[in-house]
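Coordinate analysis (summary)
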Amino acid sequence: MVAALCFASIFSSSCVRNKTGLASKTITTAVPERAEGQTDMVGFAAEPIDTVRVGFIGLGMRGPGAVERFTHIPGTKIVALCDIEPDRVDSAQQILRRAGLPDAASYSGSDTAWRALCQRTDINLVYVATDWVNHAPMGVYAMEQGKHVAIEVPAAMNLDEIWSLIETSEKTRRHCMQLENCVYDFFEMNTLNMAQQGLFGEPVHVEGAYIHNLEPYWKEYHNNWRLAYNQKYRGDVYPTHGMGPACQLLDIHRGDRMTTLVAMDSDPFTGPEVANNVNGQQVDSFANGDHTMTMIRTANGKTIHIQHDVMNPRPYSRMYQITGTKGFANKYPNAGYAFEPEALPEGTTPDHENLNSHRYLTDEQKAALLEKYTHPIVREIGEMAKSVGGHGGMDFIMDYRLVYCLRNGLPLDMDVYDLAEWCSLVPLTALSIENGSAPVEVPDFTRGAWQKVKGYRHASAPEK
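Figured I'd write up the structure that's included with this text. Keep in mind it's a predicted model, so treat the numbers as computed, not measured. (Residues numbered from 1 in each chain as written. Predicted model: local features only at pLDDT ≥ 70, side-chain atom pairs only at ≥ 80, totals over all residues. Heavy atoms only, no water.)

**Things to note about the pairing of strand S7 (residues 148-151)**
Neither face of S7 is left uncovered, since the one carrying His148 and Ala150 and the one carrying Val149 and Ile151 both have all their residues buried. Where strand S6 (residues 125-128) lies against S7, four bridges are found, and the strand directions are parallel. Counted as the bridge partner of tyrosine 127 is alanine 150 from S7. Assessed by its sense of winding, the connection that carries the chain from S6 through helix H4 (residues 132-144) to S7 is right-handed. Here S7 pairs with strand S8 (residues 176-178) via three bridges, running parallel. Its bridge partner being in S8, valine 149 is matched across the sheet by cysteine 176. After leaving S7, the chain enters helix H5 (residues 159-172) and then returns to the sheet as S8, a path that is right-handed. (Buried < 20%, exposed > 50% of the residue type's maximum accessible area, 1.4 Å probe, protein only. Helix = DSSP H or I, 4+ residues; strand = E, 2+ residues; numbered from the N terminus. Pairing = 2+ DSSP bridges. Right-handed = clockwise from strand over helix to strand, strands pointing away.)

**Some remarks on the nonpolar core**
Membership of the largest hydrophobic core comes to 119 residues, with the highest contact counts inside it found for Phe56, Leu81 and Leu165. Counting residues per element, this core draws most heavily on helix H12 (residues 394-408), at ten residues. Leave out the neighbours within four places in its chain, and leucine 165 touches Ala136, Gly139, Val140, Met143, Ile151, Ala155, Ala156, Cys176, Val416 and Leu419. Of all hydrophobic cores here, the second largest spans 18 residues; its members include Trp132, Tyr210, Leu214 and Val426. (Core = buried A, V, L, I, M, F, W, Y, C linked by side-chain atoms within 4.5 Å. Contact = heavy atoms within 4.5 Å.)

**Looking at the pattern of salt bridges**
Per the stated rule, a full pass over the model turns up 20 salt bridges. Through salt bridges that share partners, Arg34, Glu167, Glu170 and Arg447 make up one connected network. (Salt bridge = Lys/Arg side-chain N within 4 Å of Asp/Glu carboxyl O.)

**Here's the deal with helix H14 (residues 425-434)**
Across the ten residues of H14, nine count as buried, placing the element largely inside the fold. Taken residue by residue, H14 has Leu425, Val426, Pro427, Leu428, Thr429, Ala430, Leu431, Ser432 and Ile433 as its buried positions. Note on H14: the residue one or two positions beyond its end, glycine 436, has a positive phi of about 70 degrees.

**Re the environment of lysine 386**
Counting through the fold element by element, lysine 386 comes out in helix H11 (residues 376-388). Assessed through its relative accessible area of 45%, lysine 386 is described here as partly exposed. Sequence separation of lysine 386 and isoleucine 397 is eleven residues, and the distance between their C-alpha atoms is 9.4 Å. Apart from the residues lying within four places of it in its own chain, the contact partners of lysine 386 are Phe186, Gly392 and Gly393.

**So, the packing of helix H1 (residues 63-70) against helix H2 (residues 86-98)**
Their axes nearest at 10 Å, the elements H1 and H2 cross at an angle of 20 degrees. The pairing of H1 with H2 is recorded here as roughly parallel in orientation. The two elements H1 and H2 cross, and the hand of that crossing is right-handed. From H1, Pro64, Val67 and Glu68 reach across to H2, where they touch Ala92, Ile95 and Leu96. (Axes fitted to C-alpha atoms, helices over the stretch in contact; angles between N-to-C directions. Parallel < 35°, antiparallel > 145°, perpendicular 65-115°, else oblique. Left-handed = near helix turned anticlockwise from the far one by under 90°.)

**As for the packing of aromatic side chains**
Throughout the structure, instances matching the rule amount to 18 aromatic pairs. Their ring planes at 85 degrees and their centres at 5.7 Å tell us that phenylalanine 70 and tyrosine 127 sit as a pair that is edge-to-face. Of this pair, phenylalanine 70 sits in helix H1 while tyrosine 127 sits in strand S6, and the two are 57 residues apart along the sequence. Accessibility classification places phenylalanine 70 together with tyrosine 127 in one group, the buried group. Three or more aromatic residues link up through ring pairs in this structure, and these residues are Trp132, Tyr210, Tyr221, Trp225, Tyr229, Tyr233, Tyr238, Tyr316 and Tyr332. Against the face of tyrosine 238 rests arginine 226, its NZ or CZ located 4.3 Å from the ring centre. (Phe/Tyr/Trp six-rings, centres within 6.5 Å; stacked < 30°, edge-to-face > 60°. Lys NZ or Arg CZ within 6 Å of the ring centre and 35° of its normal.)

**Points about the packing of helix H6 (residues 186-196) against helix H10 (residues 363-373)**
Direction vectors running N to C along H6 and H10 enclose 75 degrees, while the axes themselves pass 10 Å from each other. With respect to each other, H6 and H10 are oriented roughly perpendicular. On H10, the residues that touch Asn190, Asn193 and Met194 of H6 are Leu369, Leu370 and Tyr373. Of the residues assigned to the contact of H6 with H10, the class counts are four nonpolar, two polar and no charged. (Nonpolar A, V, L, I, M, F, W, Y, C, P; charged D, E, K, R; others polar.)

This is the structure:
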């Protein structure tokens, strides 16, 4: 499937004129025509599934936590476990035993063992938590076997993989969701709820990032696969933690879409030193810059700023931020909200000192704000999510919502086009950087369906 779509990586340049009157060359990539009789997946809902029977592939860093979380989600059955290392499967079986659940079928010892798991007729969801380069091939194969698939981030690393996942999802009518947990963090959820209710006015600019010094963790990746990827490839290779929340705020492919991006990076000052330390020998080359920055423009004239840095000694930040015509929210390094005086919600103005957008709301004002605008999903399962855990609870909400939507026959919170758009920064930033920070056109992965649904929403089942 991937080989058949290799033309997607072919790109060309065209001369366009921007608002300053200066000419610039924009790099474009091919958009394959949708197969005859095939339709888009925007707003797609599959038939309800009474019991979500899941098979897990990849039980290294992320997989065991997912297995643990699923033991707490009603309406699920853990049917099969797979990892190339047998001891990891055994450890995951212990998680089931501690939860009082029967052992699952085991698959291990071969780099193709996962195929047998996907072929099982008693599984309807395949959960992929392997290294990046195996994400898309496993997702395609699982859908071809009639399974819905949830894939860890990034779910695809190049345009061929992205288009292959789209084509397969549309053809098989199976969900293909990226496991982007950061859209379920409490601050992001609550801020999204405020934005959807108009508190920020018209959103103008959003920001996101993955800034995380991975020095303590590099050796935990099997055969150093993550560091090896950075050593070989250039660009923002891990964009989705910043992209997901930002794109939801702007209703991307739900009334707006990304049109153009420009990226640049620093030289790799720290990367080679990290590789030397981890590998225990001198490296000859290191492709990826230490710090990558990407600017994106949308069809509706909005802007997005995304950053990536996993090499340098900086405090953790996802740089989550929204600037609107009536208000502002920012999470890192200090979480807070600011509004124009006339836009302040009722109940958030106990004094007059802070009635301007030049400073954050006081703690008392913020508490009143959250009392009114806490996201309904956070209200419903926030405390349970905290108790189960997974990055403070957001991982549990992600898995819970996936199961909830599958069981109720609802559109998933994230579809295959979210996956495509957020992952597209991996290849598109590389194109821009390798061509002197040239502008790159972002393909319309929905192929015309980006205005079919207006506004991002979390679907909910009608009360019985």
